[in-house]
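Okay, here's what each chain looks like letter by letter:
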Amino acid sequence: MGKFGVLGATGNVGKHVATALRNSLGDVNSVVLFTRTPTEGDNSFEADVGSDVATLQKSLQQCPDLVVLFVALPQAFSSEQMVSAGKVVAEVCALQHVAVVRLSSYAIDGGRLTQGPLGKAHLSVEAALTMAGVPQVSIRPTSFFVNADAYDVPSLCAEPVSVDDGDSDEQVLTVMSPLGFAPTACVNWVSCVDIGAVAAHQMMQLYDRLHKEDLWHVASGFKVVTNVSGGPSNSYRVPEYTDMLTDECRRARGVESLSVRYTELPVPSESQDYAGLWCFLRGGGFDFDDASAVEDATGRHPLSLREHLRAALA
């Protein structure tokens, strides 16, 4: 049996792809982990997604029976770094005859809104894989739960400020976030656990198709797009989001006079990458709530952002 690989196996999504594959296959040895910090005895090998062609090829050659590879480029990459690394992945996977399931982002291919340079970078990577003849599946999720962890949870764990509204003292926590006040600024959130489960499911489906069809010689290139959301219950606008955060902070602290207020972070002028992404976010670019990809992969409803934050605040 050929093997599945996870490039970026310790990342926010990669670690869950590895777990989901191993749980589904029931065989640790069928899943190879590629990471900058391999662990002895864990079927893992050293690899750096930001390396050159020769170095990455040498890493993948450590597993000659690799058939399908999950690829997640680091979130910290700029659009230029993403395109450069993506071209390396495309060239190496073509040389090694390895199909790719790649973490991308929802709605990168235009329509009413675009993600700016980061969205174009994702498309450039997909184009590089197509040009190299590599069969690919593009996993396109909405906003990750871990983004709420990064932007919101630290503020929610801070000491509240007392505000005298004339009738009583209110304890206030202020959340500073990229999400805007515009009526269109509705964001859907999805767990990295669920994204990982969808990616693993797609890897196994691609593996099966590769054994039944010649996907390496499809005239225009073989590509499947899978959009991933957390479902309707994980879609929030600012008023709904702050109400939910207020409820959970009161529950965690046992203080009924506590409330959460929202402050809009300014669009970053020093980074065109994030300026484009934040404008996309505020325009409702992540307002998508079809949960079918998660339900098909897991047999359950998507995990809840509210419950995720409740655990983080406990």
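Being a predicted model, the structure only gives us computed values, none of them experimental. (Residues numbered from 1 in each chain as written. Predicted model: local features only at pLDDT ≥ 70, side-chain atom pairs only at ≥ 80, totals over all residues. Heavy atoms only, no water.)

The next thing to look at is the overall build of the protein chain. Along its length, the protein chain carries 11 helices and 13 strands. The C-alpha atoms of the protein chain give 21 Å as radius of gyration, which agrees with the globular expectation for 314 residues (20 Å, within 12%). When its C-alpha atoms are laid out on the principal axes, the protein chain stretches across 70 × 40 × 35 Å. Within the protein chain, buried positions represent 51% of all 314 residues. Counting contacts in the protein chain only where the partners sit at least 6 residues apart, residues at least 24 apart contribute 78% of the total. (Helix = DSSP H or I, 4+ residues; strand = E, 2+ residues; numbered from the N terminus. Rg over C-alpha atoms; globule rule 2.2 N^0.38 Å. Buried < 20%, exposed > 50% of the residue type's maximum accessible area, 1.4 Å probe, protein only. Contact = heavy atoms within 4.5 Å.)

Time to look at the pairing of strand β5 (residues 99–103). Most of β5 is tucked away: 5 of the 5 residues are buried. Alternating residues of β5 divide into Ala 99, Val 101 and Leu 103 and Val 100 and Arg 102, and every residue in both groups is buried. Across 4 bridges, strand β4 (residues 66–71) lies against β5 in parallel orientation. Bridge assignment links Val 68 to a residue of β5, and that residue is Ala 99. Where the polypeptide runs from β4 across helix α3 (residues 79–96) and back to β5, its parallel neighbour, the crossover connection is right-handed. The pairing of β5 with strand β6 (residues 136–141) spans 4 bridges and is parallel. If you follow Leu 103 over to β6, its bridge partner there is Ile 139. The parallel pair β5 and β6 is bridged by helix α4 (residues 117–131), and the resulting crossover is right-handed. (Pairing = 2+ DSSP bridges. Right-handed = clockwise from strand over helix to strand, strands pointing away.)

Moving on, we come to the side chain of Arg 282. In this fold, Arg 282 is placed in helix α9 (residues 272–282). With relative accessibility at 13%, the residue Arg 282 sits in the buried group. Setting aside anything within four residues of it in sequence, one finds Arg 282 in contact with Ser 177, Pro 178, Leu 179, Gly 180, Ala 182, Thr 184, Ala 185, Glu 264, Leu 265, Pro 266 and Val 267.

Sheet strands line up and pair through hydrogen bonds in the backbone, either parallel or antiparallel. Read across the sheet, 3 strands follow the order β7-β10-β12 without closing on themselves; strand pairing throughout is mixed. A single partner strand is all that each edge strand has here, and the edge strands are β7 (143–144) and β12 (235–236). Strand direction decides the pairing type here: β7 and strand β10 (residues 187–190), joined by 2 bridges, are parallel. The residue bridging Phe 144 from the neighbouring strand is Val 190, located in β10.

Below, the discussion takes up helix α2 (residues 53–60). Every buried residue belonging to α2 is among Leu 56, Gln 57, Ser 59 and Leu 60, and all of these are buried. Relative to the axis of α2, the buried residues are bounded by an arc of 155° and lie together on one face. Away from its buried face by more than 90 degrees, α2 exposes Ala 54 and Lys 58. On its buried face, α2 sits against β1 (3–7), β2 (31–35), β3 (44–46), β4 and α3. (Arc of directions from axis to C-beta.)

A separate point is α3. When the terminal C-alpha atoms of α3 are compared, their 26 Å separation across 18 residues agrees well with the 26 Å that a helix rising 1.5 Å per residue should span. All of the buried residues in α3 are Ser 79, Met 82, Val 83, Ala 85, Gly 86, Val 88, Val 89, Ala 90, Val 92 and Cys 93. Packing partners of the buried residues in α3 comprise β1, α2, β4, β5, α4 and α9. Looking one or two places after α3, you find His 97, whose phi comes out positive at around 60°. (Expected span 1.5 Å × (residues − 1).)

Applying the stated criterion across every chain yields a total of 7 aromatic pairs. Each ring, one from Tyr 151 and one from Trp 278, has its centre 6.3 Å from the other, and the planes form 75°; the classification is edge-to-face. Placement of the pair is Tyr 151 in helix α5 (residues 145–151) and Trp 278 in helix α9, with a sequence separation of 127 residues. Within the aromatic cluster, the residues linked to one another by ring pairs are Trp 189, Tyr 236 and Tyr 241. (Phe/Tyr/Trp six-rings, centres within 6.5 Å; stacked < 30°, edge-to-face > 60°.)

Attention now goes to the side chain of Gln 202. Counting through the fold element by element, Gln 202 comes out in helix α7 (residues 192–210). Every residue in contact with Gln 202, bar those within four places of it in the chain, is listed here: Val 101, Val 137, Ile 139, Val 224 and Thr 226.

Remember that the coordinates give geometry; whether it matters functionally is a separate question.
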